[in-house]
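# Coordinate inspection notes
What follows is the residue order along each chain.
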Amino acid sequence: DAGVTQSPTHLIKTRGQQVTLRCSPKSGHDTVSWYQQALGQGPQFIFQYYEEEERQRGNFPDRFSGHQFPNYSSELNVNALLLGDSALYLCASSLSKTSTDTQYFGPGTRLTVL
Amino acid sequence: SQQGEEDPQALSIQEGENATMNCSYKTSINNLQWYRQNSGRGLVHLILIRSNEREKHSGRLRVTLDTSKKSSSLLITASRAADTASYFCATGRGSNYKLTFGKGTLLTVNP
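Residues numbered from 1 in each chain as written. Chains lettered and ligands numbered in written order. Predicted model: local features only at pLDDT ≥ 70, side-chain atom pairs only at ≥ 80, totals over all residues. Heavy atoms only, no water.

## Some details on the interface of chain A and chain B
Each partner contributes residues to the interface: chain A has 22 residues there, and chain B has 23 residues. Taken over both partners, the interface formed by chain A and chain B buries close to 1800 Å², and the fraction arising from carbon and sulfur atoms is 49%. Where chain A packs against chain B, one counts zero salt bridges. At the surface where chain A touches chain B, the tally comes to eight residue pairs in polar contact (both at pLDDT 80 or more). When residues of the side of chain A that touches chain B are traced back to their parent elements, those giving at least two are strand E4 (31-37), strand E5 (44-50), strand E6 (53-57) and strand E9 (87-94) of chain A. Residue contributions to the side of chain A that touches chain B peak at three residues, all from E5(A). Of the residues assigned to the side of chain A that touches chain B, the class counts are seven nonpolar, twelve polar and three charged. (Contact = heavy atoms within 4.5 Å. Buried area = accessible area lost by both parts, 1.4 Å probe. Salt bridge = Lys/Arg side-chain N within 4 Å of Asp/Glu carboxyl O. Polar contact = N/O pair within 3.5 Å; in protein donor to acceptor, adjacent residues only side chain to side chain. Helix = DSSP H or I, 4+ residues; strand = E, 2+ residues; numbered from the N terminus. Nonpolar A, V, L, I, M, F, W, Y, C, P; charged D, E, K, R; others polar.)

## Some details on the layout of surface pockets
Of the voids in this model, the largest pocket is the one considered here, and its volume is about 280 Å³. For the largest pocket, the lining is made up of 18 residues, of which Gln37(A), Gly40(A), Gln37(B), Ser86(B) and Phe88(B) are closest to its centre. The element contributing the most residues to the lining of the largest pocket is strand E9 (residues 85-93) of chain B, with three residues. In terms of residue class, the lining of the largest pocket is built from six nonpolar, ten polar and two charged. (1 Å grid on protein atoms, 1.4 Å probe; cavity = no way out; pocket = protein on both sides within 12 Å on 5 of 7 lines; lining within 4 Å. Points joined across faces, edges and corners; volume = space filled by probe spheres on them.)

## Considering the pattern of salt bridges
Residue and element names in this part refer to chain B. All told, the structure shown has six salt bridges over all chains when counted by the stated rule. Across the pair Glu 53 and Lys 56 runs a salt bridge whose closest N-O atoms are separated by 4.0 Å. On the basis of relative accessible area, Lys 56 is assigned to the partly exposed category, the value being 29%. In this structure, the salt-bridge partner of Asp 83 is Arg 60, at a minimum N-O distance of 2.9 Å. (Buried < 20%, exposed > 50% of the residue type's maximum accessible area, 1.4 Å probe, protein only.)

## Considering unusual backbone geometry
Looking along the chain, the bond that leaves Ser7(A) and enters Pro8(A) is cis, with omega of -10°. Note that the residue after Asp7(B), namely Pro8(B), is joined by a cis bond; omega there is 0°. The phi angle at Tyr72(A) is positive, at roughly 80°, despite the residue not being glycine. Along the chain, the position of Tyr72(A) falls in the loop between strand E7 (64-68) and strand E8 (74-78). Here the phi dihedral of Lys70(B) falls at roughly 50°; this positive angle occurs in a residue that is not glycine. Residue placement: Lys70(B) occurs in the loop between strand E7 (61-66) and strand E8 (71-76).

## Describing the state of the cysteines
Tallied over the entire structure, the rule returns two disulfides over all chains. One disulfide bridge connects Cys23(A) with Cys91(A), the sulfur atoms lying 1.7 Å from each other. Taking the sign of the torsion about the S-S bond as the criterion, the disulfide between Cys23(A) and Cys91(A), at about -55°, is left-handed. Placement of the pair is Cys23(A) in strand E3 (residues 19-24) and Cys91(A) in strand E9, with a sequence separation of 68 residues. Between the sulfur atoms of Cys23(B) and its disulfide partner Cys89(B) the distance amounts to 2.0 Å. On the S-S bond that ties Cys23(B) to Cys89(B), the torsion sits near 65°, and the link is right-handed. Within this pair, whereas Cys23(B) is found in strand E3 (residues 19-24), its partner Cys89(B) is found in strand E9, the two being separated by 66 residues in sequence. As far as the burial class goes, Cys23(B) and Cys89(B) line up, both buried. (Disulfide = S-S within 2.5 Å.)

So this is what it looks like as structure tokens:
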């Protein structure tokens, strides 16, 4: 049973560029959440997707957008990259009915913005 | 903004000793969870305690929750070098779908 997978593992971009990160949830899960973790900090909630719609959003600008596909996989898009967007981006999957219970995290995508 | 605050920020102990980490939070919660993170990788769920529970055990882990003080503690008994990691508490609230994490405690277990 595959867990949560994310791609790519690492990514280097320059300021102003756009990036797309991908996530496949754990088998049987229908809800995907995205978190940003800056160095030395705890993860910060970006948004959560359920039934292909954004169900809740954290305190992040509109440059951060996402999508969920019919197979429950998800993408995180960040436009007009800033140096401060450099972070580990974590995807977590869960069941909709228990989305504030255990969330299963992927290994993350390390984004470096130069 | 982060709801939880872990204490201490860093903890260094010898193998075989017990490690205790604390977490304080600000608002009412449905549950509190502890996660482990090795070297900047993904988070691994350790244990969840609900707001109506006071103590929970899982293997070498013991978690307590005091909702009157808005605090929780994680005890790892008989620590091993493999327990070296960052530990985060995260809170879940009823109508709120997100988990809110603290800044974490970096635990180093020396062999």
